[in-house]
Amino acid sequence: MGSELIINVTFNEIRMAFLENSVPVEFFIERKNDKNIVGNIFKGRVSRIVPGMDAAFVDIGLEKSAFLYVGDIMLDKSMYEEYEDADLIFPIEINERIEGVLEEGQELIVQVSREPIGQKGTKVTSKITLPGRLLVLMPSTQHIGVSRRIDQEEERKRLADMLKEICPKGFGLIARTASEGKSTEELSADLNFLMRIWENIHEKAKCTRPPSILHQDLGLILRVIRDLHSHNLKKIVIDDELLFKKIEEFLKEYLPEEKCEAIYFNEKDPIFEAYGIEIDVAKLAQKKIWLKSGGYIVIDYTEALTVIDVNTGRYLGKKGLEDTILRTNLEAVKEIAYQIRLRNIGGIIVVDFIDMERKESRDMVFQTLMEALKRDRIKTFVYPISEIGLVQITRKRTRHNIVNMLTEACPNCDGSGYVKSRYTVCYEVLREIRSFCRNEDVNSLNVYLSPEAASFIYEEEKASIEYIENTLKTKVNLIANPDFSIDRFQVVKA
């Protein structure tokens, strides 16, 4: 069954859901104020060298300078001077220090590899990649590669041989999944298209002062379609007529040979509800995901990494404890791989599986996880299970995960995920009342607090209130305010 891309347009927000076998596996959101600049190419100027980080900050015309790590630098000196050898590409060794590579004020061509995420700013690289329909052109890397999704070894070798034959000197090429079965003529046509783009970029760079944009990649919608068409994308359903026409034209011009159909959705029911997607969107913010067996996983986000914890929950199993643990972990593996892709979780991911005593069990869970992650089109690395049951995963991060886009920090708990308990608030209130009475000459005071806290104090600590009133000769009035959160209260003179 072919894959589908469902697109919902709501004024200044566009939501996209990529479905495999009618199940959402990826979400994308674009809003009016979003700046989707990943893939854009700029001529920038080094604004600051940071030796302690082996990195530089590059002014590319954004509000904040972009971050460039020394390992992501590839200098093309033909951009600055005329040389007899036009292929002067200088790769930077990983162990080379930034001071010997760049200097402040230096100009260079860079490409955005990651948009600003949280406190982390824009990240750029000078290892340029230009994705086409069948190929990816790498102007600064002499490398031949074939998509890992092409399984047949004979086909991989055939494509590699063709790429070596057509690849221009000083350039690199990668065969995308869509290149499977294509002829040399078809690959050459895509290469010529990409070479024209690069030549325009290079010429523009010679006569443009930094900071300036040299090449703008497709917008998010068309970029998603371009990147997903090799994943058996057969149908695109859109509920906005103008966007439908734009996508229809794009398919005719860019993917004429692909059997991908654009359909205008003009029904009364909202498109995400009609396809049963809205309920999946609502679940994205949940931290706990239940498994069919009764076990569950919990997903927690921090700034540095994402932690996924596996628990047996209500699952008791039918055999021994080791069998129960193994079955829970194996079921969790599939859900973890699915959630990572669905939520677009990137960076460092640590999975805490339930401890398994047998090495065979740990190996089985690890191999199952490796297989489950193969469906993910984002580059992912998995490290073997440690002795204490932890697995480390790294996944390339280029944009916000969906949960960050759908949620914001709770104003009551300041994003911690916790609020003070009724007991804690109760005794804070009592301490504040006693302190207020001792420091102020009052006969009566009002305490404004949440209904939950007020009710709890009346039920559990009425005697304490009476003691304060009798010993400090002050009338205490507890006043419930429904607008107050559980941990908010105010003590004032009556």
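Source: prediction; values computed, not measured.

So what exactly am I meant to see when it comes to the layout of surface pockets here?
Empty space among the atoms becomes apparent when a probe as large as a water molecule is rolled across them. Of the volumes computed, that of the second largest pocket is approximately 930 Å³. Tyr301, Thr302, Val403, Asn404 and Thr407 are, among the 34 residues lining the second largest pocket, the residues nearest its centre. At the level of elements, strand 19 (296-301), strand 20 (305-311) and helix 9 (402-406) are the ones that each hand at least two residues to the lining of the second largest pocket.

Hey, could you run me through helix 4 (residues 241-254) in this one?
One turn of the α-helix equals 3.6 residues, which is why residues spaced by three or four share an orientation. Its 14 residues give helix 4 an end-to-end C-alpha distance of 20 Å, which sits within 8% of 20 Å, the value for a rise of 1.5 Å per residue. Buried within helix 4 we find Leu243, Phe244, Ile247, Phe250, Leu251 and Tyr254. All buried residues of helix 4 fall inside an arc of 125° around its axis, so they share one side. Exposed residues pointing more than 90 degrees away from the buried face of helix 4 are listed as Leu242, Glu249, Lys252 and Glu253. The N-terminus of helix 4 is capped by Asp240, whose side-chain oxygen sits 3.3 Å from the backbone nitrogen of Leu242.

Can you walk me through the pattern of salt bridges in this structure?
Opposite charge on two side chains allows them to pair when their charged atoms are near. Applying the stated rule across the entire model yields 23 salt bridges. In this structure, the salt-bridge partner of Lys475 is Glu469, at a minimum N-O distance of 3.9 Å. Several salt bridges converge on common partners, so that one network encompasses Glu20, Glu26, Arg341, Arg375 and Arg377.

What exactly am I supposed to notice about the packing of aromatic side chains here?
The geometry of two aromatic rings is summed up by the distance between their centres and the angle between their planes. The tally for this structure, following the rule as stated, stands at six aromatic pairs. For the pair Phe57 and Phe67, a centre-to-centre distance of 5.8 Å together with 70° between the ring planes defines the contact as edge-to-face. One end of the pair, Phe57, is in strand 5 (residues 55-59); the other, Phe67, is in strand 6 (residues 66-69), and 10 residues separate them in sequence. For the pair Phe265 and Tyr275, a centre-to-centre distance of 6.4 Å together with 55° between the ring planes defines the contact as tilted. Placement of Phe265 in the loop between strand 17 (261-264) and helix 5 (271-274) and of Tyr275 in the loop between helix 5 and helix 6 (278-283) is noted, with a sequence separation of 10 residues between them. Taking the relative accessible area as the measure of exposure, Phe265 reaches 13% and is therefore buried. Among the residues examined, Tyr275 registers a relative accessible area of 28% and is labelled partly exposed. Lys288 extends its terminal NZ or CZ atom over the ring of Tyr296, reaching a point 4.4 Å from the ring centre. The lysine or arginine in question, Arg488, covers the ring of Phe484, its NZ or CZ lying 3.9 Å from the ring centre.

I'm lost on the environment of Gln367 in this one. Help?
Residue placement: Gln367 occurs in helix 8 (residues 359-373). In this structure, the C-alpha to C-alpha distance between Gln367 and Ala205, residues 162 residues apart in sequence, is 47 Å.

Explain unusual backbone geometry here, please?
As a rule of thumb, non-glycine residues mostly have phi less than zero, and peptide bonds are mostly trans rather than cis. The linkage connecting Pro210 with the following residue, Pro211, adopts the cis geometry, with an omega of 0°. Along the chain, the position of Pro211 falls in the loop between helix 2 (184-206) and strand 15 (212-215). A positive phi angle, close to 55°, is found at Asn21, a residue other than glycine. On the secondary structure map, Asn21 appears in the loop between strand 2 (13-20) and strand 3 (23-31). According to the relative accessible area criterion, Asn21 is exposed, its value standing at 52%. Phi at Asn344 is positive, roughly 55°, even though this residue is not glycine. For Asn344, the position within the fold is in the loop between helix 7 (321-343) and strand 21 (347-352). Among the residues examined, Asn344 registers a relative accessible area of 8% and is labelled buried.

Calculation notes
Residues numbered from 1 in each chain as written. Predicted model: local features only at pLDDT ≥ 70, side-chain atom pairs only at ≥ 80, totals over all residues. Heavy atoms only, no water. 1 Å grid on protein atoms, 1.4 Å probe; cavity = no way out; pocket = protein on both sides within 12 Å on 5 of 7 lines; lining within 4 Å. Points joined across faces, edges and corners; volume = space filled by probe spheres on them. Helix = DSSP H or I, 4+ residues; strand = E, 2+ residues; numbered from the N terminus. Expected span 1.5 Å × (residues − 1). Buried < 20%, exposed > 50% of the residue type's maximum accessible area, 1.4 Å probe, protein only. Arc of directions from axis to C-beta. Polar contact = N/O pair within 3.5 Å; in protein donor to acceptor, adjacent residues only side chain to side chain. Salt bridge = Lys/Arg side-chain N within 4 Å of Asp/Glu carboxyl O. Phe/Tyr/Trp six-rings, centres within 6.5 Å; stacked < 30°, edge-to-face > 60°. Lys NZ or Arg CZ within 6 Å of the ring centre and 35° of its normal.

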